[in-house]
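Close look at the chain arrangement
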Amino acid sequence: MSIENILSRLAKVKKTGREYKAICPVHQGNTENLYLRQAEDGKVLINCFSCGATGMEIVESLGLSVSELFPPDS
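The paragraphs below set out a description of the structure included in this document. As the structure is a computational prediction, the values presented were derived from the model and not from experiment.

Here we look at the pattern of salt bridges
Two side chains with opposite charge may pair up if their charged atoms get near one another. All told, the structure shown has two salt bridges when counted by the stated rule. Glu32 serves as the salt-bridge partner of Lys14, at 3.6 Å between the closest nitrogen and oxygen. With Lys14 in strand β1 (residues 14-16) and Glu32 in the loop between β2 (19-22) and β3 (34-38), the pair connects residues that are 18 residues apart, well separated along the chain. A residue is classified by how much of its surface remains accessible, and Lys14, at 41% relative accessible area, is partly exposed.

Structure follows, in structure tokens:
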């Protein structure tokens, strides 16, 4: 698990401080409304501020397991 695996499957990824912005794969808009960051405990936090898609919906739409959102020992 790492945020890099998720980021590698997203379009128009931009780093903004501690967060990343990208195109939401759920609604596939043309603006970077998807925000991602890795929390201190290792969890990957994801939210689309346009369509409201959650981390679970995002990773599933990318063909990834929900386990990608959590550190290996959780």
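Past the structure itself, the notes keep going.
A word on the sheet that holds β1
Taken in spatial order, the four strands of this open sheet run β1-β2-β3-β4, and their pairing is antiparallel. The sheet terminates laterally at β1 and β4 (44-48), the two strands that pair on one side only. Between one strand axis and the next, the sheet turns through 25° on average, direction left out of account. Where β1 lies against β2, three bridges are found, and the strand directions are antiparallel. Looking across to β2, one finds that Thr16 is bridged to Glu19.

Here is what the cut-offs are and how they apply
Along each chain, residues carry numbers from 1 onward, in the same order as the chain's sequence is written. This being a predicted model, a pLDDT of at least 70 is required before a residue's local features are given, and a value of 80 or more before pairs of side-chain atoms are given or counted; all residues contribute to the totals for chains, interfaces and linings. Side-chain descriptors were evaluated using all non-hydrogen atoms of the structure, hydrogens and water having been removed beforehand. Salt bridge criterion: a side-chain nitrogen from Lys or Arg within 4 Å of a carboxyl oxygen from Asp or Glu. Only DSSP runs of H or I reaching four residues or more are called helices, and only runs of E reaching two or more are called strands; each is numbered from the N terminus. Between buried and exposed lies partly exposed: a residue is buried under 20% and exposed over 50% of the maximum accessible area for its type, with that area taken using a 1.4 Å probe on protein chains only. At least two bridges found by DSSP between two strands is the condition for calling them paired. Convention adopted: a line fitted to C-alpha atoms gives each axis, helices being fitted over their contacting stretch, and angles between N-to-C directions are expressed from 0 to 180 degrees.

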